[in-house]
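What follows is the residue order along each chain.
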Amino acid sequence: MARAPRPNDSIGARIRVHRERSGKSQAVVAGLAGISEDYLGQIERGRKIPSTRVIQSLADALRIPAGVLLGDTPAAPTSPAAGCGNRLALALLSGGGVPTDLADLSARTDLAWRTWQTSDHRYSDVLPTLPELIRNTEATLRASRHDSRHRETAGVASDLYGLLRTVTRRVGRSDLSYLVADRGIRAAEDADNPIRLAVARWNLGHTLLISNEYEAAIELATNAAASVLAESRAEPAAIVLAGALELVATVAEARTGRLWEARDRLNRVYPVAVRSPNMSNVGHTMFSTTNVGFHAISIELQAGDALEALRIAEQLDTSEYLSVERRFTFALDLARAYELRRQETGTLLHLLNAEQISPEDLQYNSEAHEMVRRLLQGHRSPNRVQAAGLADRLSIPV
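What comes next concerns the included structure. The structure displayed is predicted, hence computed values, not measured ones.

Basis of the calculations
- Residues numbered from 1 in each chain as written.
- Predicted model: local features only at pLDDT ≥ 70, side-chain atom pairs only at ≥ 80, totals over all residues.
- Heavy atoms only, no water.
- Helix = DSSP H or I, 4+ residues; strand = E, 2+ residues; numbered from the N terminus.
- Buried < 20%, exposed > 50% of the residue type's maximum accessible area, 1.4 Å probe, protein only.
- Contact = heavy atoms within 4.5 Å.
- Areas by Shrake-Rupley, 256 points an atom, 1.4 Å probe, with all protein chains shown as cover.
- Salt bridge = Lys/Arg side-chain N within 4 Å of Asp/Glu carboxyl O.
- Phe/Tyr/Trp six-rings, centres within 6.5 Å; stacked < 30°, edge-to-face > 60°.
- Lys NZ or Arg CZ within 6 Å of the ring centre and 35° of its normal.
- Expected span 1.5 Å × (residues − 1).
- Core = buried A, V, L, I, M, F, W, Y, C linked by side-chain atoms within 4.5 Å.
- Axes fitted to C-alpha atoms, helices over the stretch in contact; angles between N-to-C directions.
- Parallel < 35°, antiparallel > 145°, perpendicular 65-115°, else oblique.
- Nonpolar A, V, L, I, M, F, W, Y, C, P; charged D, E, K, R; others polar.
- Left-handed = near helix turned anticlockwise from the far one by under 90°.

**Some remarks on the overall build of the protein**
Here's step 1: Each helix and strand in the protein was counted, giving 22 helices and zero strands.
Here's step 2: Each principal axis of the C-alpha atoms in the protein carries an extent, and together these give about 65 × 45 × 45 Å.
Here's step 3: Out of the 398 residues belonging to the protein, those deemed buried represent 54%.
Here's step 4: Partitioning the contacts of the protein with sequence separation of at least 6, the portion at a separation of at least 24 is 66%.
Here's step 5: As presented, the protein carries roughly 18000 Å² of accessible surface, and 50% of it is formed by carbon and sulfur atoms.

See below:
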């Protein structure tokens, strides 16, 4: 019987365990994934590092989420995020709360969003404030049901649900991501605001992505982009949101393996970002030419073309890009690119940069932990010493 994979297993070990658990031979899984049996054997023995595209193909062949192979787990018990998912669930499902002044709710929600996007300790700063904010917002929303300010209250609620969608994902509660995405759409509908509704659909699209519902994400994003342009008469904010929604569809196309279709969408979206330099954060979507560039890097990494990903990265100006999450993801993508090229020093440098950008994000990111473990298996002593120091700070067993 195949043993259960351990948290500190390599990705190759997890692939082997889940393959054996499925009862499939290497030849069968390799054939379903479109790779050679020898290549799969080398991956399982830790001699080859699969690209993101190969990981997704293997996950599809094994009929499990790709995150299982990457070792995705909820935040560690010692982290500030530990138990946060349960507290958020309790706040969302238990009712209660006290109606609060709308201006106060709006200010608190704006502060939470701003802190989440800019603080290098955003988990510690934001997570403790959310349960009370949820209860106050939902109590105020219920109390305003027949009030003239209900639309405005619903608008603030839709903004909060958008924040909760990304937070719940980061603390390992994708079940809550669906819940808050659905509530966000309902609140946006009550707000009777096509811009907020488009943002709510953008959030739902991201929830579909993390659940591997790629075709549904493409359909949702494409239809939502067309709707917001029609309903808002193509006002600037609507054009920006249509571009952001197209990026959701781009990610979904890439993850299905339709890389040329994904690149084509990016080529269509880029001019929209160029024409909208002052509207990059409509609905907290951070849509911009830099963001389009980040998506282009992701596509090339999905294709296994690390050299092209690095070429695109060199052309990006990220000096004024304020979102901690995007800057952290950029650093992690560069680390992945150098790892694909077997350049340990580059991998380590960008992991250290990611730590400097947001130590908490690195603490909770299982993919980063896997890269650190692989660095520890290397034979270059200077890198190994620094990697061991990083592993110690992340509480990764050496």
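**With respect to the pattern of salt bridges**
Here's step 1: For the coordinates displayed, the defined rule picks out 26 salt bridges.
Here's step 2: Two residues, Arg-311 and Glu-308, come together in a salt bridge whose shortest N-O distance is 2.6 Å. Highlighted residues: Arg-311 and Glu-308, both in helix α17 (residues 306–314), separated by three residues, approximately one helical turn.
Here's step 3: Relative accessible area serves as the criterion here: at 39%, Arg-311 is assigned to the partly exposed category.
Here's step 4: Among the residues examined, Glu-308 registers a relative accessible area of 23% and is labelled partly exposed.
Here's step 5: Asp-333 is the salt-bridge partner of Arg-336, the closest N and O atoms lying 2.8 Å from each other. Highlighted residues: Arg-336 and Asp-333, both in helix α18 (residues 324–340), separated by three residues, approximately one helical turn.

**Describing the packing of aromatic side chains**
Here's step 1: On inspection of all chains with the given rule, the structure shows three aromatic pairs.
Here's step 2: Where Trp-116 meets Tyr-123, the ring centres are 5.2 Å apart and the plane angle is 70 degrees; that geometry is what we call edge-to-face. Pair check on accessibility: Trp-116 and Tyr-123 agree, each one buried.
Here's step 3: Through a chain of ring-to-ring contacts, three or more aromatic side chains come together here, namely Trp-116, Tyr-123 and Tyr-364.
Here's step 4: The ring of Trp-260 carries the charged tip of Arg-263 above its face, separated from the ring centre by 4.6 Å.

**Quick notes on helix α14 (residues 236–255)**
Here's step 1: The end-to-end C-alpha distance of α14 is 29 Å, a good match for the 28 Å that 20 residues give at a rise of 1.5 Å each.
Here's step 2: Burial within α14 is extensive, with 17 of its 20 residues counted as buried.
Here's step 3: Following α14 by one or two positions, Gly-257 has its phi on the positive side, about 95 degrees.

**A closer look at α18**
Here's step 1: In this model α18 runs 24 Å from its N-terminal to its C-terminal C-alpha over 17 residues, within 8% of the 24 Å that 1.5 Å per residue would give.
Here's step 2: Burial analysis of α18 places 13 of its 17 residues in the buried class, which makes it a mostly covered element.
Here's step 3: Just beyond α18, the residue with positive phi is Arg-342, at close to 60 degrees.

**Quick notes on the nonpolar core**
Here's step 1: Among the nonpolar cores identified, the biggest contains 55 residues, and Ile-195, Leu-209, Leu-245, Phe-287, Val-292 and Ile-297 are the most heavily contacted of them.
Here's step 2: For this core, the elements supplying multiple residues, two or more each, are α11 (174–191), α12 (194–210), α13 (214–231), α14, α15 (259–274), α16 (289–302), α17 and α18.
Here's step 3: The element contributing the most residues to this core is α14, with 13 residues.
Here's step 4: The residues touching Leu-209, leaving out its near neighbours within four places in the chain, are Tyr-214, Ala-217, Val-248, Val-251, Ala-252 and Arg-255.

**Overview of the packing of α16 against α17**
Here's step 1: Packing of α16 against α17 brings their axes to within 8 Å, and their N-to-C directions diverge by 170 degrees. Classed by the angle they form, the pair α16 and α17 counts as roughly antiparallel. Mapping the contact onto sequence places Gly-293, Ala-296, Ile-297, Glu-300 and Leu-301 in α16 and Ala-306, Glu-308, Ala-309, Ile-312 and Ala-313 in α17.
Here's step 2: For the contact of α16 with α17, the class distribution of residues is seven nonpolar, one polar and two charged.

**Section: the packing of helix α7 (residues 102–118) against helix α10 (residues 150–170)**
Here's step 1: One way to put it is that α7 packs onto α10 with a least axis distance of 10 Å and a crossing angle of 30 degrees. Taken together, the axes of α7 and α10 lie roughly parallel to each other. Where α7 crosses over α10, the two elements pack in a sense that is left-handed. In this structure, α7 contributes Leu-102, Leu-105, Ser-106, Thr-109, Ala-112, Trp-113 and Trp-116 to the contact, and α10 contributes Glu-152, Thr-153, Val-156, Asp-159, Leu-160, Gly-162, Leu-163, Thr-166, Val-167 and Arg-170.
Here's step 2: Looking at the contact of α7 with α10 residue by residue, the classes come out as nine nonpolar, five polar and three charged.

**Some words on the side chain of Gln-42**
Here's step 1: Tracing the chain through its elements places Gln-42 in helix α3 (residues 37–44).
Here's step 2: Accessibility expressed as a relative area gives 19% for Gln-42, which makes it buried.
Here's step 3: Other than its neighbours up to four places away in sequence, Gln-42 contacts Arg-47 and Lys-48.

**Overview of the environment of Leu-133**
Here's step 1: Its location among the elements puts Leu-133 in helix α9 (residues 130–143).
Here's step 2: Sequence spacing of Leu-133 and Ser-358 is 225 residues, and the spatial spacing of their C-alpha atoms is 24 Å.
Here's step 3: Those residues in contact with Leu-133, other than ones at most four positions away along the chain, are Leu-105, Arg-108, Thr-109 and Leu-160.

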